[in-house]
Amino acid sequence: QVQLVESGGGLVQAGGSLRLSCVVSGSIFSINDMGWYRQAPGKQRELVARITSSGKTNYADSVKGRFTITRDNAKNMVALQMNSLAPEDTAVYYCNAAVRPLGEEFAYSYWGQGTQVTVSS
C-alpha cells in the first residue's frame, strides 16, 4: 500500500513564505512524476507545479518566480517552497505522485490528504 503524507500548511500574511513537504511511503518500486495541486473553495483542482524523476519542472503561470518545487529521490519526498504568498494562493494543497508499487507492472496516481494554506491580506 502506498501513502502520501503532507505537512507544512498553515496561516501566513501576504508576502510571507511557507514550505510544504510530502513523503511517499509503502511498497514502492519506483516513483515517476511528483507534483502539487491546489483547490480553492468553489473552484476546480489545478496544477501548481510538477517535477519529473530527473528533475525537470513545470509551473502554473500564476506561481512562476514565486514557488519552487524540489524532490529528494533518496527520501521519496517532494517539497514546495512558496514565497511572496498572496491571498489568491489560499487553497487546500494536495501532493500527487505517479508510483509503481512493488509487484505491479504499471504506475498509478496517488494523492495526499491535503493541507490547508491560508494567506491573509
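Further up the page is the structure itself.
Residues numbered from 1 in each chain as written. Predicted model: local features only at pLDDT ≥ 70, side-chain atom pairs only at ≥ 80, totals over all residues. Heavy atoms only, no water.

### A word on the environment of Ala98
Then comes step 1: By the secondary structure assignment, Ala98 is in strand β9 (residues 91-101).
Then comes step 2: Sequence separation between Ala98 and Glu88 is 10 residues; the distance between their C-alpha atoms is 28 Å.
Then comes step 3: What Ala98 contacts, discounting residues up to four positions off in sequence, is Ser30, Ile31, Asn32, Asp33, Ala107 and Tyr108. (Helix = DSSP H or I, 4+ residues; strand = E, 2+ residues; numbered from the N terminus. Contact = heavy atoms within 4.5 Å.)

### Details of the pattern of salt bridges
Then comes step 1: Counted under the stated rule, the structure contains five salt bridges.
Then comes step 2: A salt bridge links Arg38 to Glu46; the shortest N-O distance between them is 2.7 Å.
Then comes step 3: Note on Arg38: relative accessible area 6%, which makes it buried.
Then comes step 4: The class for Glu46 is partly exposed, based on a relative accessible area of 36%.
Then comes step 5: In this structure, Arg66 engages Asp89 in a salt bridge whose closest nitrogen and oxygen atoms are separated by 2.8 Å. Here Arg66, found in the loop between β6 (57-59) and β7 (67-72), pairs with Asp89, found in the loop between β8 (77-82) and β9; they are 23 residues apart in sequence, far enough to count as distant. (Salt bridge = Lys/Arg side-chain N within 4 Å of Asp/Glu carboxyl O. Buried < 20%, exposed > 50% of the residue type's maximum accessible area, 1.4 Å probe, protein only.)

Any link to function would need more than the numbers given here.
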